[in-house]
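An overview of the molecular structure
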Amino acid sequence: MAADTGGITRDEVAHLARLARLAVTDAELDMFASQLDVILGAVARVGEVAAQDIPPTSHAVPLENVFRPDELRPSLSQEQVLAGAPAAEDGRFRVPRILGEEQ
Amino acid sequence: MSPEVSLELTRLTAAELAQKIHTREVSAVEVCHAHLDRIAAVDGQVHAFLHVAREAALESAALVDDSLAVGTPPASPLAGVPLALKDVFTTIDMPTTAGSKILEGWRPPYDATVASRLRAAGITILGKTNMDEFAMGSSTEHSAFGPTHNPWDLTRVPGGSGGGSAAALAAFEAPLAIGTDTGGSIRQPAAFTGTVGVKPTYGGVSRYGLIACASSLDQAGPCARTVLDAAMLHEVIAGHDPLDSTSIDVPVPSVVAAAREGARGDLSGMRVGIVRELSGEGYQPGVRASFEQAVAQLEKLGAELVEVSCPHFEYGLAAYYLIMPSEVSSNLARFDAMRYGLRVDGARSAEDVMAATREAGFGAEVKRRIILGTYALSSGYYEAYYGQAQKVRTLISRDFAAAFTHADVLVSPATPTTAFPIGDKVDDPLAMYLNDLATIPTNLAGTAALSVPSGLAASDDSPNGLPVGLQIMAPALGEAVMYRVAAAYEASRPTTTAPEILS
């Protein structure tokens, strides 16, 4: 099962950048498209390993849910939490408009 | 204190410094001053540090001296010894940038567990060291704040991502440092700078407050100029942390005792596996020669050499460069310009502000990996890329398990080449990725490995030679045997002459 390495287009890179919330420039799109094409060609090698019956590993150490006791304990103060915020108001994060004008 | 005495203090090992401080032959403050003076003298050329915490370091050292003065036993075997901390750990009293403009000037509201353990141990944190942005890179050239220079040859890279920590050790700016290793970011810089760097078992050292690159691979570890110093630091930082749910709840391996035993130089009965797939093509001739000498040396110490095959290691690089960017694309979503860090205002909506901020705040390598990871995780490509990579990860773990039935430790060169010139690979991402060829399998399997200096290798463009590292790999939680072999090897060969250009 080799990956389809027909190459990655500039338009695809632009779409991915939008999904990842990166306002990349035209020059970056050109550069990334050609570089990612080379990188994808190299990493597509993972498709050479016949591995239908191989279970995937997402994590090297077997993990189960880890719980802590449901007890009150000190946490950061509101002031500490907001200290690094680009903008804060009335004890809250101040953010740009999230909803569109019509909403 | 005369400048000569001050310089001499910076040449001592952490174990020697601790002994002198604890017997009150020198004060922790004098030791701290000596290293701050050294930083002031050479860091303009090396650029190992992004932030020097002069006042905080002197205060911390003074507390150690005060406590010793009233007869209190030292808080740890390393109390009073200075250390350089990679700028990827949050510190409440110092800025934390992860080498990125998006976090420039950020003051974290809490300490990473590694930082709080260092403080509790009385270790003096001198400052924060340079790194590739968000630990993505193998040269420290991807730092938003300019590259670090290799103290062995200032025109060359110190490796990465933890080039600042490794260079600080090689330039005698600190006897101890902390790094993080996602695909080789501790071991490769150690090899390039002639220092010791250890990637512990995944889960061995807490990741709480460690700014994430790829969470299933990231592991913090000790860096030093000697194996014993690294072992002493290992015991300070390792151990279960309830604040990190991936932290392993088992006793810390007795690595200091193992290093001391190893230094006696007897490896009889130790089975050392040479990984066929990590010792052939693709390695610089000088690196191969150094490796062959190291293997012969291990045999002289009594080790039994066995050849092992790990047939899937050759797919490690490909699997890694799918898994790591996938996790990166998810982890770095948190830099959204809303709660902390940079915000580029002016756009109309939150979404536009986010995109403009991430564009301005992230460097090219970070953007590349975010886009690559977004691609690998997208529907239609997920199975062929991320899914297959996860299966390769299983196969690599199985390769390790099989190899460790024949050998107690595995060895390979830590890197394919010695340190390369600054600017050589920065525009060729794939060439840069190849640096991690030998180190990546360990991260994928979650096992332990270290790099210990194995002398110098000359090449056409570096006739005087540059440092080479021997990689020693051990099973998960097998750190003790790894330190024992490394210490035996270290004790059996002449100390590599320190870089003279800065002395």
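Rules used throughout
Residues numbered from 1 in each chain as written. Chains lettered and ligands numbered in written order. Predicted model: local features only at pLDDT ≥ 70, side-chain atom pairs only at ≥ 80, totals over all residues. Helix = DSSP H or I, 4+ residues; strand = E, 2+ residues; numbered from the N terminus. Rg over C-alpha atoms; globule rule 2.2 N^0.38 Å. Buried ≥ 20, exposed ≤ 12 C-beta atoms within 10 Å, placed from the backbone. Contact = placed C-beta atoms within 7 Å. Pairing = 2+ DSSP bridges. Axes fitted to C-alpha atoms, helices over the stretch in contact; angles between N-to-C directions. Parallel < 35°, antiparallel > 145°, perpendicular 65-115°, else oblique. Nonpolar A, V, L, I, M, F, W, Y, C, P; charged D, E, K, R; others polar. pLDDT = per-residue confidence, 0-100. Expected span 1.5 Å × (residues − 1).

Overview of the overall build of chain A
- Helices and strands together make up the secondary structure of chain A, namely three helices and two strands.
- Element order for chain A, N to C, with α for helix and β for strand: α-α-α-β-β.
- By the compact-globule yardstick of 13 Å for 103 residues, chain A is too spread out, its C-alpha radius of gyration being 23 Å.
- Along the three orthogonal principal directions, the C-alpha set of chain A runs to about 55 × 45 × 25 Å.
- Scored against the burial criterion, the 103 residues of chain A give a buried share of 19%.

Examining the interface of chain B and chain A
- Counting residues at the interface gives 55 residues for chain B, matched by 47 residues for chain A.
- Counting residues per element, the side of chain B that touches chain A draws most heavily on helix α14 (residues 383-406) of chain B, at 12 residues.

Regarding the sheet that holds strand β11 (residues 462-474) of chain B
All names here are of chain B.
- Strand order in the open sheet formed by 11 strands is β1-β3-β2-β4-β6-β5-β10-β11-β9-β7-β8, with mixed pairing between adjacent strands. Sheet topology places β1 (49-52) and β8 (304-308) at the edges, where each strand pairs with a single neighbour. The average undirected angle you get between the axes of adjacent strands in this sheet is 30 degrees.
- Pairing between strand β4 (residues 176-180) and strand β6 (residues 220-224): five bridges, direction antiparallel. Bridge assignment links A177 to a residue of β6, and that residue is C223.
- Helix α8 (residues 227-237) rests against β4, β5 (196-199), β6 and β10 (448-459) of the sheet, and its axis sits at about 150 degrees to β6.

Topic: the packing of α8 of chain B against helix α17 (residues 479-491) of chain B
All names here are of chain B.
- The N-to-C vectors of α8 and α17 enclose an angle of 155 degrees; their axes lie 9 Å apart at closest approach. Compared by their axis directions, α8 and α17 come out roughly antiparallel. Between α8 and α17, the contacting residues are V227, L228 and A231 on the first element and Y483, A486, A487 and E490 on the second.
- Here the residues of the contact of α8 with α17 are counted per class, giving six nonpolar, no polar and one charged.

Structural notes on the packing of helix α3 (residues 28-46) of chain B against helix α4 (residues 54-69) of chain B
All names here are of chain B.
- α4 packs onto α3 with a crossing angle of 155 degrees between their chain directions and a minimal axis gap of 7 Å. What the angle tells us is that α3 and α4 run roughly antiparallel. Facing α3, whose interface residues are A28, V29, V31, C32 and L36, α4 presents R54, A57, L58, A61, A62, V64 and D65.
- Taken together, the residues that form the contact of α3 with α4 break down as 10 nonpolar, no polar and two charged.

Things to note about the confidence of the model for chain A
- For chain A, the average pLDDT comes to 88, and 90% of its residues sit at 70 or higher.
- Every residue in residues 1-5 of chain A is under pLDDT 50, and counting partners more than four places away or in other chains gives 13 contacts.

A closer look at helix α12 (residues 350-361) of chain B
- With 12 residues, α12 of chain B extends 16 Å between its outermost C-alpha atoms, agreeing within 8% with the 16 Å of an ideal straight helix rising 1.5 Å per residue.
- Along α12 of chain B, the residues classified as buried are V353, M354, A355, A356, T357, R358 and G361 of chain B.

Structural notes on the pairing of strand β3 (residues 124-129) of chain B
Residue and element names in this part refer to chain B.
- Of all six residues in β3, six are buried; the element is thus mostly enclosed.
- In terms of strand pairing, β1 meets β3 through three bridges, oriented antiparallel. Across the sheet, the residue bridging to F49 is T129, located in β3.
- Sheet analysis places strand β2 (residues 82-86) next to β3, joined by five bridges and oriented parallel.

Some details on the pairing of β6 of chain B
Residues and elements named next belong to chain B.
- With respect to burial, β6 is a largely interior element, five of its five residues being buried.
- Bridge analysis of β5 against β6 gives two bridges, and the strand direction is antiparallel. Within β6, the residue paired with G197 across the bridge is C223.

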